[in-house]
Amino acid sequence: MSHISIDAHRQRGKISKYIYGQFSEHLGRSIYGGLWVEPNSNIPNINGLRTDAITALKAIKVPVLRWPGGCFADTYHWADGIGPADKRKKIVNTSWGSVVENNHFGTHEYFELLNQLGADAYVNGNLGSGTVQEMSEWVEYMTFNGTSPMADLRTANGHKDPWHVKFFGVGNESWGGGGNMRPEYYADLYRQYQTFLTSYDSDSPLYKIASGPNVDDYHWMDVLMKNAAPYMDGISLHHYALASAWEDKRPALAFPEAEWFSLIKSAQKMDELITKHSTIMDKYDPEKRVGLIVDEWGSWLRAEQGTNPAFLYQQNTIRDAMIAAITLHIFQKHVDRVQMANIAQMVNVLQSMLLTDGSKIVKTPTYYIFKMFLKHQDAIAMDTLDDLSETTSASISKNKDGYFVSLCNYGLTATDTITVDMDSLISTVSGEMLRGTKMDQHNDFDHPDEVSPESFTAITHDSHQLTAKIPPMSVVTLQIDTV
Ligand code: AHR
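As the structure is a prediction and not an experimental result, all values here were calculated from the model.

## Remarks on unusual backbone geometry
Omega for the peptide link from G69 to G70 comes to 20°, which places this bond in the cis form. In this structure, G70 sits in the loop between β6 (64-67) and β7 (91-93). The phi torsion at N103 lies on the positive side, around 60°, for a residue other than glycine. Following the sequence through the fold, N103 ends up in the loop between β8 (99-101) and α2 (107-117). Here N103 falls in the buried class, since 22 other C-beta atoms lie within 10 Å of it. At M473, a position not held by glycine, the phi torsion is positive, near 50°.

Structure (structure tokens):
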């Protein structure tokens, strides 16, 4: 039994749509094959971008896409990825499997992707192995409107108008693969690099993001905030849900039942991490100007058997839908600090929205959570009074018609009966559910609709209270229209 009480006056603040952001890296088949197939491919595409993926992703209104990494960002030299495709340098992707990177997907192709998706840009610059000049010139290339060496080069490459870059990351995981730096050293480098990132575009000044801590490295957060807070708009945080030790990851399919809850617990750690990191940030930024940007999150499981382990390809089951719902609920609890989040990664890598195999494509249970939660984007998060069962997670937002409620019962066996009380008058309630009837339930290329949303009708209500019966392993959304 769970109980939720809504008081119209208890509002947390706006849920930034950017919390529903995505991430695509030059890693495995995330970009190549998953999104980019070359303009002359037999797979239907527009300007090289596969039409089926774009259509599916448009339906979840991707607000922002982080690119080109991840680890890859700190090896990426943007000038390799501009100009005629057949003349671009072929390099080794040393971060992910030492495969050939032909640079056919570069800056112009990224903005074409954003344009097709209707998403904003989050470009991650190379601090680990790139120069201040290189980073500075990339911003000039992308955003300067006028005559300058980089703007002229962009025009020569076929794009006269500048693009808008909303978010810019200064390095990635600088404590590890991005340079193995100490926080004091990175803080100084951050201050230096960001000085030369000019906001040429007055309509869209750069929102600069510093490379933040790994999981619970509170020392990193403290040093960065102490030394560089005034120079940043956001600081990143990475946390992946793991069922077991890093070196001994669990398989995505035939996932051990005994570890269902350890994986969920690992995802729930996000709440503690945000709370503790925010407390440190409050010391230096009590007005909460600097955003906590959770630009990598999701489940990290063993790569599927028979695939290149460096490509991080994993199946996605109803378990991942639970992880997504629980984590998004946590972000919505912390709207005062979390200004953006980017699930890792959009296609074919880690906890994806879509999986592809040649011309085949399938939507994952995680995709459907992003679709079902659309009404939370830019709505007002409510601070409800909750008494939830041990295996229930909930979040409620206010919209122009009433309230949007998302509920997740991540228990394996018991249905939870949830009552929701409110101080306004209920007129109508409609519901949707994503449900698993077995732990490993997932969609594959031969069975694409094993897990997909259905209408949810196990609801009764009177004027101020509703009751819903939420089956185990399910996520339910309710739109409660009020008068
Ligand atoms: O998302 C995969 C990798 O995980 C990213 O490249 C890196 O930043 C993190 O360690």
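That was the structure; now back to the text.
## A few points about the site of the ligand
Residues in contact with the ligand, as listed here, are E25, G69, G70, C71, N172, E173, E296, A344, Q345 and L350. Its residues assigned to classes, the shell around the ligand comprises three nonpolar, four polar and three charged.

## Section: the UniProt feature "domain: Alpha-L-arabinofuranosidase C-terminal" (unreviewed entry) in the protein chain
Mapped onto this numbering, the UniProt entry annotates "domain: Alpha-L-arabinofuranosidase C-terminal" (unreviewed entry) at residues 295-474. A distance of 26 Å separates the end C-alpha atoms of residues 295-474, which is 13% helix and 39% strand.

## Description of the pairing of strand β10 (residues 167-170)
Residues of β10 alternate between two faces, with F167 and G169 on one and F168 and V170 on the opposite face, all of them buried. Alignment of strand β9 (residues 120-125) against β10, held across four bridges, turns out to be parallel. The residue of β10 that forms the bridge with V123 is F168. Pairing of β10 with strand β11 (residues 207-210) involves four bridges; the strand directions are parallel. Paired with F167 across the two strands is Y207, which belongs to β11.

## Things to note about the sheet that holds strand β12 (residues 234-241)
Pairing between the strands of a sheet comes from backbone hydrogen bonds, and it takes one of two forms, parallel or antiparallel. Read once around its circumference, the closed barrel built from eight strands follows the order β3-β6-β9-β10-β11-β12-β13-β14, with strand pairing classed as parallel. Along the sheet, successive strands turn relative to each other by an average axial angle of 25°, direction set aside. As judged from the two bridges shared by β11 and β12, these two strands associate in the parallel manner. For A210, the partnering residue across the bridge sits in β12 and is I235.

## Digging into the domain arrangement of the protein chain
The parts lose accessible area when they come together, and the size of an interface is often stated as this lost area. If you check the domain split of the protein chain, you get domain 1 (17-377) and domain 2 (385-482). Put simply, the middle of domain 1 and the middle of domain 2, counted by C-alpha atoms, are 30 Å apart. With 29 residues of domain 1 at the contact, the number on the domain 2 side is 28 residues. Elements that contribute at least two residues to the side of domain 1 that touches domain 2 include exactly α7 (260-284), α8 (318-333), β16 (360-363) and α9 (365-372). Class assignment of the residues belonging to the side of domain 1 that touches domain 2 gives a composition of 16 nonpolar, seven polar and six charged.

Rules used in this analysis
Residues numbered from 1 in each chain as written. Predicted model: local features only at pLDDT ≥ 70, side-chain atom pairs only at ≥ 80, totals over all residues. Helix = DSSP H or I, 4+ residues; strand = E, 2+ residues; numbered from the N terminus. Buried ≥ 20, exposed ≤ 12 C-beta atoms within 10 Å, placed from the backbone. Near = placed C-beta within 6 Å. Nonpolar A, V, L, I, M, F, W, Y, C, P; charged D, E, K, R; others polar. UniProt positions renumbered as here; feature names shortened; annotations may be inferred. Pairing = 2+ DSSP bridges. Axes fitted to C-alpha atoms, helices over the stretch in contact; angles between N-to-C directions. Domains from an automatic or database assignment. Contact = placed C-beta atoms within 7 Å.

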